[in-house]
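Reading the structure
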Amino acid sequence: MITDSSTARRARLAGLTASAAAMVVLVSACGGTGGGSTASAKDFGYLSVTENTTVKAALTTLSKGACKTANDAQPLKVETVPQAALDQKLQLLAGQDALPVQFAAGNAPALTQQLYKSGKVADLEKKLTDLGVFDQLEPAAVSTIKALYGGKVEVLPYEYNIEGIFYNKKVFADNGIAVPGTWTELVAAAAKLEARGVQPFSASGQQGWPLTRLISGYLYRSLGPDALQAVADGTAELTDPAYVKAAQAVADLGKKGYFGKGVGSIDYDTSMNRFLSGKAAMLYMGSWALANIADEKQNTIGAGDVGFMPFPAVSGGKGSIDQYPSNVGLGITLGAGTFDKKTGDWVSCIAKNYGSTALKDQGSISGFKVNTEVEDANEVTTQVRDTISSSKQNVLWFEALFSTKATTVSQTNAAGLVSGSISPEKFMQTVQDALSGN
């Protein structure tokens, strides 16, 4: 699945860093059509981050196989930088009007949007439509991209992750528990497991976001898919009663001990290990966890005993159970000025073949359709793929539209929320204050 293991990468779209902000200023100043020379680029230059080897490996495979003709005309040339240095690198290249043909477009959606507005990023929906391959993108991935990038398709979905609850099928069966369809049923299942000496949930309080994702899940089910957009737009606040109710629901899980002891000191890897070793029955996580699930050394309960379910419905809520939190990893985009016929040939080939290649070689799920028969590593991988294919609308995560400050405040206080050291009202007030600049 996804080869980089750092928790920071999994939450990398959470906010705008200081260097990212500097880049926005620089790009705004540059103006122009950007994206490099309008002449044909000698190489199919690809700039990405050192930590991500999946895309590089898949493109290299394509360059020697399905996309060899495109590669002969415009050879793939890969350059990587550490993710921490990406924004600075892009800042330098944007200032020199020397961005490569294809590049990782910064550590926050706001950067890509600014590059697009200044004419440096191609309108990929138009480009792919003109090439006749826009239908090779999964509708769910397109929905996610547009939600992140102001209604535009400004990046390609080389990665695609949805989130939900992984659960131990054997533990559920042994305790007579059906897959919960509502929040009430989920809480009842947790109570039954706790009474029988089984820890219901594994979560990382140290990272915080695995807990705040539960709050946003409840909000999306109770208030609908625009719940957090309303906060971003200023038409609602996290301190409104309906929003505090979501924090209260998650706090109640912690109060009843359903996350086990010392959740605030549990890091990401430990929380994953607890689930995969059978010490907890459920784990809220993204589909990047399929790599861990397929690893027999990590997963001692066996991939066959892992199931995946959506965040449950909230009775009377406006949201739908088939609306999944999702992301497309670190966005990869293409320069507007260098997008010529040779680049178009490459992009057409990628759109038709990347999904199959990444899934076959690395077990990586992308937002491109899989056009050749590929045997999945296990049943839960098939389940996730089917879910992605059938999903028509997706939502974001709790901090997706937050500022950097609000993101930090939210994630560092999440453990206190479930341990009882901070009340739901205080938690939401603190995050709202950060959003409001107080």
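Before going into details, it helps to say that this report is about the structure given with it.

Rules used throughout
- Residues numbered from 1 in each chain as written.
- Predicted model: local features only at pLDDT ≥ 70, side-chain atom pairs only at ≥ 80, totals over all residues.
- Heavy atoms only, no water.
- Helix = DSSP H or I, 4+ residues; strand = E, 2+ residues; numbered from the N terminus.
- Rg over C-alpha atoms; globule rule 2.2 N^0.38 Å.
- Buried < 20%, exposed > 50% of the residue type's maximum accessible area, 1.4 Å probe, protein only.
- Contact = heavy atoms within 4.5 Å.
- Areas by Shrake-Rupley, 256 points an atom, 1.4 Å probe, with all protein chains shown as cover.
- Axes fitted to C-alpha atoms, helices over the stretch in contact; angles between N-to-C directions.
- Parallel < 35°, antiparallel > 145°, perpendicular 65-115°, else oblique.
- Nonpolar A, V, L, I, M, F, W, Y, C, P; charged D, E, K, R; others polar.
- Phe/Tyr/Trp six-rings, centres within 6.5 Å; stacked < 30°, edge-to-face > 60°.
- Polar contact = N/O pair within 3.5 Å; in protein donor to acceptor, adjacent residues only side chain to side chain.
- Salt bridge = Lys/Arg side-chain N within 4 Å of Asp/Glu carboxyl O.

This part covers the overall build of the protein chain. Along its length, the protein chain carries 19 helices and ten strands. The C-alpha radius of gyration of the protein chain comes to 22 Å, within 12% of the 22 Å expected for a compact globule of 438 residues. Dimensions of the protein chain, computed from the C-alpha atoms along their principal axes, are close to 70 × 50 × 35 Å. Split into buried and exposed, the 438 residues of the protein chain put 56% on the buried side. Considering only contacts in the protein chain between residues 6 or more positions apart, those separated by 24 or more positions represent 78%. Element-wise, carbon and sulfur atoms account for 51% of the exposed surface of the protein chain, whose accessible area totals about 16800 Å².

As a further point, take the packing of helix α18 (residues 404-419) against helix α19 (residues 424-435). Where α18 meets α19, the axes come as close as 8 Å, and the angle between the chain directions of the two elements is 170 degrees. Here α19 runs roughly antiparallel to α18, going by the angle between their axes. Across the interface between the two elements, Lys 405, Ala 406, Val 409, Ser 410, Asn 413, Ala 414 and Leu 417 of α18 pack against Pro 424, Phe 427, Thr 430, Val 431, Ala 434 and Leu 435 of α19. Within the contact of α18 with α19, the residues separate by chemical class into nine nonpolar, three polar and one charged.

Before going further, it helps to examine the packing of aromatic side chains. Here the structure, examined in full by the defined rule, presents 13 aromatic pairs. With 5.7 Å between their ring centres and 40 degrees between their planes, Phe 201 and Phe 259 make a pair best called tilted. Taken together, the residues span a long stretch of sequence, with Phe 201 in strand β5 (residues 199-202) and Phe 259 in the loop between α13 (241-255) and α14 (268-276) at a distance of 58 residues. Here Phe 201 falls in the buried class, since its relative accessible area comes to 5%.

Now for helix α7 (residues 124-131). If you check the start of α7, you find a side-chain oxygen 3.3 Å away from the backbone N of Glu 125, and it comes from Asp 123. With its phi angle positive at about 80 degrees, Gly 132 sits one or two positions after the end of α7.

A few words on the pattern of salt bridges. Counted by the stated rule, this structure contains ten salt bridges. Across the pair Asp 130 and Lys 126 runs a salt bridge whose closest N-O atoms are separated by 2.9 Å. With Asp 130 and Lys 126 both in helix α7 and four residues apart, the pair spans about one turn of that helix. Taking the shortest distance from any N to any O, the salt bridge between Lys 169 and Glu 379 comes out at 3.9 Å. Taken together, the residues span a long stretch of sequence, with Lys 169 in helix α9 (residues 169-174) and Glu 379 in helix α17 (residues 379-390) at a distance of 210 residues.

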